[in-house]
Protein chains: 2
Amino acid sequence: MEKSSSTTTFEQHLEKRYGQVGEEKRMAFEAKAKAFAIGELIKEERRLSNMTQEQLATKTGTKKSFISRIENGKSDIQLSTLYRILELGLGKKISFTIE
Amino acid sequence: MEKSSSTTTFEQHLEKRYGQVGEEKRMAFEAKAKAFAIGELIKEERRLSNMTQEQLATKTGTKKSFISRIENGKSDIQLSTLYRILELGLGKKISFTIE
DNA sequence: TGTAAAGTTAACGAATAATGGAACAAAAGA
DNA sequence: TCTTTTGTTCCATTATTCGTTAACTTTACA
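The structure displayed is predicted, hence computed values, not measured ones. (Residues numbered from 1 in each chain as written. Chains lettered and ligands numbered in written order. Predicted model: local features only at pLDDT ≥ 70, side-chain atom pairs only at ≥ 80, totals over all residues. Heavy atoms only, no water.)

Here we look at the protein's contact with DNA strand D
Then step 1. DNA strand D sits among 22 residues. The nearest are Q53(A), S65(A), S68(A), K74(A) and T81(B).
Then step 2. For DNA strand D, the backbone makes up 64% of the atoms found within 4 Å of the protein, where backbone means sugar plus phosphate.
Then step 3. Contacts to DNA strand D include R46(A), whose side-chain N or O atom sits 3.0 Å from a phosphate oxygen.
Then step 4. Going through the elements one at a time, α2 (23-48) and α4 (64-71) of chain A together with α4 (64-71) and α5 (79-89) of chain B are the ones with two or more residues in the surface near DNA strand D.
Then step 5. Tallied by class, the residues present in the surface near DNA strand D amount to two nonpolar, twelve polar and eight charged. (Near = heavy atom within 4 Å. Polar contact = N/O pair within 3.5 Å; in protein donor to acceptor, adjacent residues only side chain to side chain. Helix = DSSP H or I, 4+ residues; strand = E, 2+ residues; numbered from the N terminus. Nonpolar A, V, L, I, M, F, W, Y, C, P; charged D, E, K, R; others polar.)

A closer look at the side chain of T62(B)
All names here are of chain B.
Then step 1. Looking at the element boundaries, T62 is found in the loop between α3 (53-59) and α4.
Then step 2. We classify T62 as buried; its relative accessible area is 18%.
Then step 3. Contact partners of T62, with chain neighbours within four places excluded, come to A57, I67 and R84. (Buried < 20%, exposed > 50% of the residue type's maximum accessible area, 1.4 Å probe, protein only. Contact = heavy atoms within 4.5 Å.)

A look at the confidence of the model for chain A
All names here are of chain A.
Then step 1. Confidence in the prediction for chain A averages 74 pLDDT; 67% of positions are at 70 or higher.
Then step 2. Here helix α1 (residues 10-18) stands out as the least confident element of chain A, with mean pLDDT 40; α4 is the most confident, with 96.
Then step 3. The low-confidence segment residues 1-29 (pLDDT under 50) makes 49 contacts with residues lying over four places distant or belonging to another chain. (pLDDT = per-residue confidence, 0-100.)

Below, the structure written as structure tokens:
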């Protein structure tokens, strides 16, 4: 069920999570859904690394409560936070694709 | 000189801008350099779209001064800001790759 | 050259992310 | 079931982005 490594567009995440919806409705929760999608990605990677939220938190110098909020898309995090979690915490390389 | 569309890792951006450097030195300015790299990406895309900072700012509901700060890596922006600029402002789709 | 357009920087409040702690809920194991 | 681990939510405080104006610098071009 877990993907081991992936390129995931936000649209794909939306699709996977909410299914096909109208363009208008989509716009409504897009921002929230995107934050959620990033969180989902982090959660997946963390689990693949066999880490608890607390371990990830310790490694990135924060607390498990913060990790939880991020994974559940409840925080509009800064780019540096994203890097810290993914690279420092999970040892992953992250890159952007713009098209 | 301008790339029309691209997948760019932060490392590639670092290489392009600072050349090969020692691992320790790199760590020192990594965060700053990454913010800068994102800014560079945005600047490239904006220029390819033949827009001024002011036009981009208007389109995304902010001011040119803020766009300038972002493009020059002086602000550790939030994810929502990144989407707003790239998608709403420049009509680009952005996706992440984690490896 | 001079002038206007485009871009940069500083400074300021307002909004909000980041942080830490604690209490609670859910999941996993014995 | 009981116990422990793991994860979630809430609260208060601190730190920083965001939005904005204004002044300054650089670039473009007649």
